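Here is how the chains run, residue by residue.
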Amino acid sequence: MKRLISILVTLLFIQIAVFAQKQIPTAPAGFDVNQENIPHGKIDTIQYASKTVGTNRKATIYFPPGYQKTKKYPVLYLLHGIGGDEKEWLNGGKPQVIFDNLYAAGKLEPMLVVMPNGRAMQDDRATGNIMAPEKVAAFATFEKDLLQDLIPYVEKNYPVFKDRNHRALAGLSMGGGQSLNFGLGNLDTFAWVGGFSSAPNTKVPAELLPDPAKAKTMLKLLWISCGDNDRLLNFSQRTHEYLVEKNVPHIYYVEPGVHDFKVWKNDLHLFSQLLFKPVDQAAFQKYSLNP
Ligand code: FER
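- As recorded in an unreviewed UniProt entry, the protein goes by the name Enterochelin esterase, listed as coming from Pedobacter terrae.

Structure representation (structure tokens):
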């Protein structure tokens, strides 16, 4: 009996030790709660002429607290999911609250955040059958709109840096697939890439990253995250496995959760703090459950 108890106690301690070792970072309580007594950023809607679609298209934009036209900023392009539009992040994720809080804590490099409509077609509203083939195809068409219409518009009209080291691309679900596809497919344009709960539009790994050596030298940060109970986890998992096989440094962050804004807000909180700062690849491990 004594022996049994001592075995059980030992097992308990091993459990505790393993648990302690495998804590992954998560956003602290209150990270997404509006605080009245701190400086707040500003939100605006912009319109740009899209040659790709042949219409004027909308995007929302968040300016950091203390924004000054005489300064220069890097830009995060932040993409929505299949049921969303240029307002989805603002409505569902309140990124302005997350960012305001991070700025107040001195944890964010000042940046503009542009939230476009990633459904690049004439009627780009998220109405009717959002899974209709032509609507899904419009998420791929957005690559051209982003590169040839939106980014040039932003860089012509706002005080921003115009090089790859100062452009980040990230998104949730369909927007995560877009970010991986367009980001890794256009390494000359983006150095910081993040896919949150990336959807089935994510290219298969060998197409996504045909030249791992090039990606390795060019990428500052490649972030892949997903909730552990998300039915789309396999798209992140297979990408991660390929990156491991090809030795491409990246963060693979699997967190408790499903396919929802609780996960994406946590991702945004963690991912945004890494942007446009010196990168410590050794610290990537702390986001992973794998030793
Ligand atoms: C699919 C399942 C999910 C799909 C897209 C999604 C195009 C996208 C989900 C989202 O953006 O939240 O089969 O096919």
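Text resumes after the structure shown.
1. A look at the environment of G176
Next up, step 1: With respect to the secondary-structure elements, G176 resides in helix α5 (residues 174-185).
Next up, step 2: G176 sits 72 residues away from A104 along the chain, and the two C-alpha atoms are 28 Å apart.
Next up, step 3: In this structure G176 touches G171, G195, F196 and S198, once residues within four positions along its chain are discounted.

2. What to know about the site of the ligand
Next up, step 1: As a structural note, the neighbourhood of the ligand is formed by G81, I82, S173, M174, A199, P200 and H259.
Next up, step 2: Between the ligand and S173 there is a distance of 2.8 Å, counted from an oxygen atom to a side-chain nitrogen or oxygen.
Next up, step 3: At 3.0 Å, a side-chain N or O of H259 approaches an oxygen atom of the ligand.
Next up, step 4: With the chains in place, 72% of the 370 Å² that the ligand exposes on its own is no longer accessible.
Next up, step 5: Tallied by class, residues from the shell around the ligand come to four nonpolar, three polar and no charged.

3. Looking at empty space enclosed by the protein
Next up, step 1: The final tally for this structure, using the stated rule, is one cavity of 30 Å³ or more.
Next up, step 2: The space that makes up the largest cavity amounts to roughly 50 Å³.
Next up, step 3: Every residue lining the largest cavity is listed: A215, K216, L219, K220, L221, L222, V248, P249, Q281 and F284.
Next up, step 4: Taken together, the elements giving at least two residues each to the lining of the largest cavity come down to α7 (212-218) and β7 (221-227).

4. With respect to the nonpolar core
Next up, step 1: Judged by nonpolar contacts, the single largest core of 41 residues is most densely connected at Y77, L146, L150 and V154.
Next up, step 2: Broken down by element, the residue count for this core peaks at five residues, all from helix α4 (residues 133-157).
Next up, step 3: Counting 36 residues, the second-largest nonpolar core is a separate cluster that includes L102, W192, I251 and Y253.

5. Quick look at the packing of α4 against α5
To describe two helices that pack against each other, one gives the angle between their axes and the distance between the axes.
Next up, step 1: Packing of α4 against α5 brings their axes to within 10 Å, and their N-to-C directions diverge by 45°. Relative to α5, the element α4 is oriented oblique. In terms of crossing hand, the pair formed by α4 and α5 is right-handed. Judged by residue contacts, V136, F139, A140, F142, E143 and L146 of α4 engage M174, Q178 and F182 from α5.
Next up, step 2: Here the residues of the contact of α4 with α5 are counted per class, giving seven nonpolar, one polar and one charged.

About the thresholds
- Residues numbered from 1 in each chain as written.
- Predicted model: local features only at pLDDT ≥ 70, side-chain atom pairs only at ≥ 80, totals over all residues.
- Heavy atoms only, no water.
- Helix = DSSP H or I, 4+ residues; strand = E, 2+ residues; numbered from the N terminus.
- Contact = heavy atoms within 4.5 Å.
- Near = heavy atom within 4 Å.
- Polar contact = N/O pair within 3.5 Å; in protein donor to acceptor, adjacent residues only side chain to side chain.
- Areas by Shrake-Rupley, 256 points an atom, 1.4 Å probe, with all protein chains shown as cover.
- Nonpolar A, V, L, I, M, F, W, Y, C, P; charged D, E, K, R; others polar.
- 1 Å grid on protein atoms, 1.4 Å probe; cavity = no way out; pocket = protein on both sides within 12 Å on 5 of 7 lines; lining within 4 Å.
- Points joined across faces, edges and corners; volume = space filled by probe spheres on them.
- Core = buried A, V, L, I, M, F, W, Y, C linked by side-chain atoms within 4.5 Å.
- Buried < 20%, exposed > 50% of the residue type's maximum accessible area, 1.4 Å probe, protein only.
- Axes fitted to C-alpha atoms, helices over the stretch in contact; angles between N-to-C directions.
- Parallel < 35°, antiparallel > 145°, perpendicular 65-115°, else oblique.
- Left-handed = near helix turned anticlockwise from the far one by under 90°.

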